[in-house]
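# Close look at the chain arrangement
Letter by letter, the chains look like this.
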Amino acid sequence: MRIDKYKIFVTSLILSLGLTSCLKDTNIEDQEYGLINLNAKKIVEFKSDASHVSSIISLDEGVKEFNFEVNLAAENPASEDVVVNFEAVTDAASVIKSVRARLGDQYPATGEDSIPDEDIKVYPAASVTVPATLTIPKGSRTANLSVKIDTHKLVGDPQFLLLKIKSVNNAGYLVSGNFGDLLLNMKVMSVYDGTYICNGYR
């Protein structure tokens, strides 16, 4: 019986020391990771599903605008105009890394069905225009980032582009670690794509 009480005491002591060390973790206190206090640190992110991928299939119609929703994850709507900075990431290494991470089942790096890096196509940087900044208005939680893409440069095989939130000008805001960027998976749509009804005659 004494042995059991001793084991319980030792286990409780270890747990308390572990919890104490976690509470002293400055990164948790600074909201760098762990459970984020949405009152202390408001998070800016792309609104997306868990894949972090947005698919674009477009006809060849020249330069077109595509909107992507930017969200403020906070307990309350913005108490001020929130200025968010963006960039388009088009260097091959970064884009390929993102494709491998998010579409690894379609673009495996190893195995019999592996896809070499050179077969993962990056959309040309000169053919996309991403606003340097976007403002989430006071009293709102969202704003649309309008990206101009030259659909004439799209091809039948997928091309990829990475949109990234660089920073937030206002103090007290964090760029989301999970939804701070968005991978665009793009290709051209054939003019013959569609649903057809065939009527047979005798």
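Please read these numbers as outputs of a predicted model, since none were measured by experiment.

## Points about the overall build of the chain
Helix and strand content of the chain: 3 helices and 11 strands. Of the regular secondary structure in the chain, the N- to C-terminal order runs α-α-β-β-β-β-α-β-β-β-β-β-β-β. Buried residues in the chain amount to 31% of all 202 residues. For the chain, the exposed surface amounts to about 12,900 Å²; the carbon and sulfur share of it is 53%.

## What to know about the packing of aromatic side chains
Under the definition given, this model contains 2 aromatic pairs. With a centroid separation of 5.9 Å and 55° between ring planes, the pair formed by F46 and F86 is classed as tilted. Note that F46 is positioned in strand β1 (residues 42-46) and F86 in strand β4 (residues 82-89), a separation of 40 residues in sequence. According to the relative accessible area criterion, F46 is buried, its value standing at 1%. Ring centres of Y107 and F160 lie 5.6 Å apart, and the angle between their planes is 90°; on these two criteria the pair is classed as edge-to-face.

## Notes on helix α3 (residues 92-102)
For α3, every residue scored as buried is listed here: V95, I96, S98, V99 and R100. Tucked inside the fold, the buried residues of α3 contact β4, β5 (121-122), β9 (159-168) and β11 (181-188).

## Observations concerning the pairing of β1
A large share of β1 lies buried, amounting to 4 of its 5 residues. Relative to strand β10 (residues 173-175), β1 runs parallel, the two being bridged by 3 bridges. Within β10, the residue paired with I43 across the bridge is L174. Judged from the 4 bridges that link them, β1 and strand β3 (residues 63-73) form a sheet pairing that is antiparallel. Looking across to β3, one finds that F46 is bridged to V70.

## Some details on unusual backbone geometry
Here H52, not a glycine, exhibits a phi torsion of approximately 60°, which is positive. Residue placement: H52 occurs in the loop between β1 and β2 (53-58).

## Quick word on the pairing of strand β7 (residues 133-136)
The alternating pattern of β7 places L134 and I136 on a buried face and T133 and T135 on a face that is not buried. Two strands pair when backbone bridges link them, and β4 and β7 are joined in this way by 4 bridges, in the antiparallel orientation. In the strand pairing of β7, V83 is matched with T135.

## Remarks on the pattern of salt bridges
Per the stated rule, a full pass over the model turns up 4 salt bridges. Close ionic contact of R102 with D181 constitutes a salt bridge, the shortest N to O distance being 2.3 Å. In this pair, R102 sits in helix α3 while D181 sits in strand β11, placing the two residues 79 residues apart along the sequence.

## Brief notes about the sheet that holds strand β8 (residues 142-150)
Reading across from one edge, β6-β8-β3-β1-β10 is the order of the 5 strands in this open sheet, with mixed pairing throughout. Of all strands in the sheet, those with a lone pairing partner are β6 (128-129) and β10, marking the two edges. Pairing of β6 with β8 involves 2 bridges; the strand directions are antiparallel. By the bridge assignment, V128 is partnered in β8 with I149.

Definitions and limits used
- Residues numbered from 1 in each chain as written.
- Predicted model: local features only at pLDDT ≥ 70, side-chain atom pairs only at ≥ 80, totals over all residues.
- Heavy atoms only, no water.
- Helix = DSSP H or I, 4+ residues; strand = E, 2+ residues; numbered from the N terminus.
- Buried < 20%, exposed > 50% of the residue type's maximum accessible area, 1.4 Å probe, protein only.
- Areas by Shrake-Rupley, 256 points an atom, 1.4 Å probe, with all protein chains shown as cover.
- Phe/Tyr/Trp six-rings, centres within 6.5 Å; stacked < 30°, edge-to-face > 60°.
- Contact = heavy atoms within 4.5 Å.
- Pairing = 2+ DSSP bridges.
- Salt bridge = Lys/Arg side-chain N within 4 Å of Asp/Glu carboxyl O.

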